[in-house]
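Each chain, written out:
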Amino acid sequence: MDSGLTVLQGGTGVANGGEVVHGYPHLDTARAAITALYKRLSPDGIHSYAPSVAPADVAFSDQDDLYLGTQRVAHALVQQLQLPDARVIVSFREMRHAASVELTAGPEYFVELNNRFRTHRRDIGAALAHEITHVLLHRLGLSFPGTRDNEILTDTATTYLGAGWLLLDAYREDRDSSQKLGYLTPEEFGYVLAKRALVFDEDPRIWFTSPQGYTSYTKGRTQALADEQRPPLTTAGWTGRHRYAKERRHALDHPGVPPDPSSPDPSSPDPSSPYAFERLPDGLRVSFPCPTCHQRIRVAVQGRVRARCGLCGTVLDCDT
């Protein structure tokens, strides 16, 4: 089973050319990947991936021996991703993708890197991080159906488990060329990295050498913080709380009536809302995604309550 890591590089012809996609087109899949990681590894398992891999451990200068340096960086990433008995053997060749890995029973895994990394050594760590995460997910038996979603799972896992900041730092653009490793957009990488930073109390901004990577992180962080400012959380802003109150009233007054997305009535429920009301025999309940792991939480609509996520254990103050 081969895995390919996409790279965009203007003017080189070594991989897929084109403009870098921006925004959040894969956000739902990335969130599902975070949930899957918590389910497979458990909260304690997730927290065992602290801290992130240190910049000094994956630094690679032009003065370093190509093969010895590559093996050193691979070893650091194997340790970060907790694969102590995995031996990664790295080679270089002409190829369309940036990198690939042959997933076998192990203990040896063969990673191939694009020949361009012979002269672009500072990005070797980023390419290896993605491929070594494929090894981890293979051992965990964790995958998503379809190549696209599985690669997004891999990018998300790489980032959330402490090695993916390298992938965002490998993103660079100027007037003549662009490079981006991975399948997530730069802003999505920033989002996942910020979600990790909030859980692990890290500040990855000091690690970036790429101005574009830094900017993408700040945009993604804004999106990540918005997850923690939505109703019924008490941290929601006035506009969100006001709409939530109208939708709650609609659910109470019109039980069983589906939302009408074409209705101009601002009190009509918004089908795109992250929360949803449902009437059960014991009363009205609201369900919403946990801002940490995105597992859905269901609580009774009864005013101020504290809810604990059954998956990641996060305690949330809610005003239902």
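Residues numbered from 1 in each chain as written. Predicted model: local features only at pLDDT ≥ 70, side-chain atom pairs only at ≥ 80, totals over all residues. Heavy atoms only, no water.

Participant: So what exactly am I meant to see when it comes to the overall build of the protein chain here?
Facilitator: Scanning the protein chain from terminus to terminus reveals nine helices and 12 strands. Taking as baseline every contact in the protein chain between residues at least 6 positions apart, the subset at least 24 positions apart corresponds to 62%. Accessible surface, the protein chain: about 14,700 Å² in total, of which carbon and sulfur atoms supply 51%. (Helix = DSSP H or I, 4+ residues; strand = E, 2+ residues; numbered from the N terminus. Contact = heavy atoms within 4.5 Å. Areas by Shrake-Rupley, 256 points an atom, 1.4 Å probe, with all protein chains shown as cover.)

Participant: How do you make sense of unusual backbone geometry when you look at a structure like this?
Facilitator: Generally, phi is negative for residues other than glycine and the peptide bonds are trans, each holding for most cases. Omega for the peptide link from Ala-50 to Pro-51 comes to -10°, which places this bond in the cis form. Within the element layout of this structure, Pro-51 appears in the loop between α1 (27-47) and α2 (55-58). With omega at 5°, the peptide bond leading from Pro-231 into Pro-232 counts as cis. Inspection of the secondary structure assignment puts Pro-232 in the loop between α8 (211-227) and α9 (238-253). One non-glycine residue, Asp-201, adopts positive backbone phi at about 55°. With respect to the element layout, Asp-201 can be found in the loop between α7 (186-200) and α8. Among the residues examined, Asp-201 registers a relative accessible area of 71% and is labelled exposed. Of note in the backbone geometry, His-294 takes a positive phi value of approximately 70° without being a glycine. (Buried < 20%, exposed > 50% of the residue type's maximum accessible area, 1.4 Å probe, protein only.)

Participant: Can you help me understand the packing of α1 against helix α5 (residues 147-160) in this one?
Facilitator: Packed helix pairs are characterised by how far apart their axes lie and by the angle those axes make with each other. The contact between α1 and α5 brings their axes to 9 Å, and the two run at 45°. Relative to α5, α1 is oriented oblique. Of the two elements, α1 crosses α5, and the hand of that crossing is right-handed. Note on element contacts: α5 touches α1 through Arg-148, Asp-149, Ile-152, Leu-153, Thr-156, Ala-157 and Tyr-160, opposite Thr-29, Ala-30, Ala-33, Ile-34, Leu-37, Tyr-38 and Ile-46. (Axes fitted to C-alpha atoms, helices over the stretch in contact; angles between N-to-C directions. Parallel < 35°, antiparallel > 145°, perpendicular 65-115°, else oblique. Left-handed = near helix turned anticlockwise from the far one by under 90°.)

Participant: Sorry if this is basic, but what is going on with the pairing of strand β5 (residues 108-114) here?
Facilitator: Each regular strand carries side chains that alternate between the two faces of the sheet. By the bridge criterion, seven bridges tie strand β3 (residues 87-93) to β5 in an arrangement that is parallel. Bridging from a neighbouring strand, Arg-87 pairs with Glu-108 of β5. Bridging between strand β4 (residues 99-102) and β5 involves four bridges; their strand directions are antiparallel. Within the sheet, the bridge partner assigned to Glu-102 lies in β5 and is Phe-110. Between β4 and β5, which pair antiparallel and follow one another directly, the connecting turn spans five residues, one of which, Gly-106, has a positive phi of 80°. (Pairing = 2+ DSSP bridges.)

Participant: How should the side chain of Ser-216 be read in this particular structure?
Facilitator: Counting through the fold element by element, Ser-216 comes out in helix α8. When its relative accessible area of 3% is taken as the criterion, Ser-216 is described as buried. Residues in contact with Ser-216, not counting those within four places in the same chain, are Leu-168, Tyr-171, Pro-186, Glu-187 and Gly-190.

Participant: Before we go on, may I ask you to explain the state of the cysteines in this structure?
Facilitator: Structurally, a disulfide amounts to a covalent bond that connects the sulfur atoms of two cysteines. Throughout the structure, instances matching the rule amount to zero disulfides. In this model Cys-309 remains outside any disulfide bridge; the closest cysteine sulfur is found in Cys-293, 3.5 Å from its own. Residue classification places Cys-309 among the buried residues on the basis of a relative accessible area of 2%. Looking at the unpaired Cys-318, the closest cysteine sulfur is the one in Cys-290, lying at 9.8 Å. Taking relative accessible area as the criterion, Cys-318 reaches 1% and is therefore assigned buried. (Disulfide = S-S within 2.5 Å.)

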